[in-house]
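What the coordinates show
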Amino acid sequence: MLQNFFLRHLQYNGQARRFFMTIIALGFVIDGVYAVLLNLYLLRLGYDTQFIGQVNSAGLMAFALMSLPAGFFGTRWTSGRMLRIGMGGILLGASLLPMVEFAPVAWRASGMMLTYSMVLAGFSLYFVNAAPFLMSTVNSEQQNNAFALQTALLALAAFFGSLFGGNFPALITQFSTFTIDDPQPYRYTLLLTVVVVLVALAITLTIVQAPDD
């Protein structure tokens, strides 16, 4: 019975399967690692809780402000293209954010806000257009199950991303001279997420064609 359930509800075409891979990557990075590590990283850099709140607020504001135009852009230029652009924005922001600490002091605060805003603005572009893309990829009988699977994968990936983010900095300290109170273990962990997003972008580039038959 269980086998029949999975065969009936989880048989998706190649486009949908690749899409789900990118959802796993984003859940792991944004809802998992970043949710755990960003605030800790900023604390280790010496920022106070007021500034950390401002960084998080700037990111969420960017997500909200991008949501409405994201839908318009998806209608005008296709949701598949917006998935690519959104993932590219996430990759750029995630690559630059851990490097901001090396910028001139006068630019660091605004740099942190800008790069995190880039991450969440890109996520907004992707997230808003994910549903229309998924609906165009699977047949009508699979749509409800596809939505459910997307939600489950996002949450499950966030779970493992949170575990990774909570444990990997400590693992780095065991093989280096850094301590858990230094920013380096958190910076290197955030940099590792760039690899995940880069792989996700490569996959996204393969899901912009017409859905498989």
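So, here is what we can say about the structure in this document.

The rules behind these values
Residues numbered from 1 in each chain as written. Predicted model: local features only at pLDDT ≥ 70, side-chain atom pairs only at ≥ 80, totals over all residues. Heavy atoms only, no water. Salt bridge = Lys/Arg side-chain N within 4 Å of Asp/Glu carboxyl O. Helix = DSSP H or I, 4+ residues; strand = E, 2+ residues; numbered from the N terminus. Phe/Tyr/Trp six-rings, centres within 6.5 Å; stacked < 30°, edge-to-face > 60°. Buried < 20%, exposed > 50% of the residue type's maximum accessible area, 1.4 Å probe, protein only. Contact = heavy atoms within 4.5 Å. Core = buried A, V, L, I, M, F, W, Y, C linked by side-chain atoms within 4.5 Å.

Evaluation of the coordinates by the stated rule reveals 1 salt bridge. Two residues, Arg-187 and Glu-101, come together in a salt bridge whose shortest N-O distance is 2.8 Å. With Arg-187 in helix α7 (residues 184-204) and Glu-101 in the loop between α4 (79-96) and α5 (105-137), this residue pair connects regions lying 86 residues apart in the sequence.

Evaluation of the coordinates by the stated rule reveals 14 aromatic pairs. Ring centres of Phe-28 and Phe-164 lie 5.5 Å apart, and the angle between their planes is 45 degrees; on these two criteria the pair is classed as tilted. Placement of Phe-28 in helix α2 (residues 14-44) and of Phe-164 in helix α6 (residues 143-174) is noted, with a sequence separation of 136 residues between them. The exposure class assigned to Phe-28 is buried, which follows from its relative accessible area of 19%.

Here the focus is the environment of Phe-20. Summarising the element assignment, Phe-20 is placed in helix α2. Taking the C-alpha atoms as reference points, Phe-20 and Ala-146, 126 residues apart in sequence, are found 9.2 Å from one another. Non-local contacts of Phe-20, meaning those with residues more than four positions away in its chain, are made with Tyr-12, Leu-134, Ala-146, Leu-149, Gln-150 and Leu-153.

Positionally, Met-113 belongs in helix α5. Met-113 sits 62 residues away from Phe-51 along the chain, and the two C-alpha atoms are 9.5 Å apart.

One non-glycine residue, Thr-78, lies in the positive phi region at around 80 degrees. Position of Thr-78 among the secondary structure elements: in the loop between α3 (49-77) and α4.

Right, let's get into the nonpolar core. Counting residues in each nonpolar core, the largest one holds 49 residues, and the members touching the most others are Phe-19 and Phe-20. Of all the elements in the fold, those that place two or more residues in this core are α2, α3, α4, α5, α6 and α7. It is α2 that provides the largest number of residues to this core, a total of 15 residues. If we skip the residues at most four places from it in the chain, Phe-19 touches Leu-83, Tyr-126, Ala-130, Phe-133, Leu-134, Gln-150 and Ile-207.

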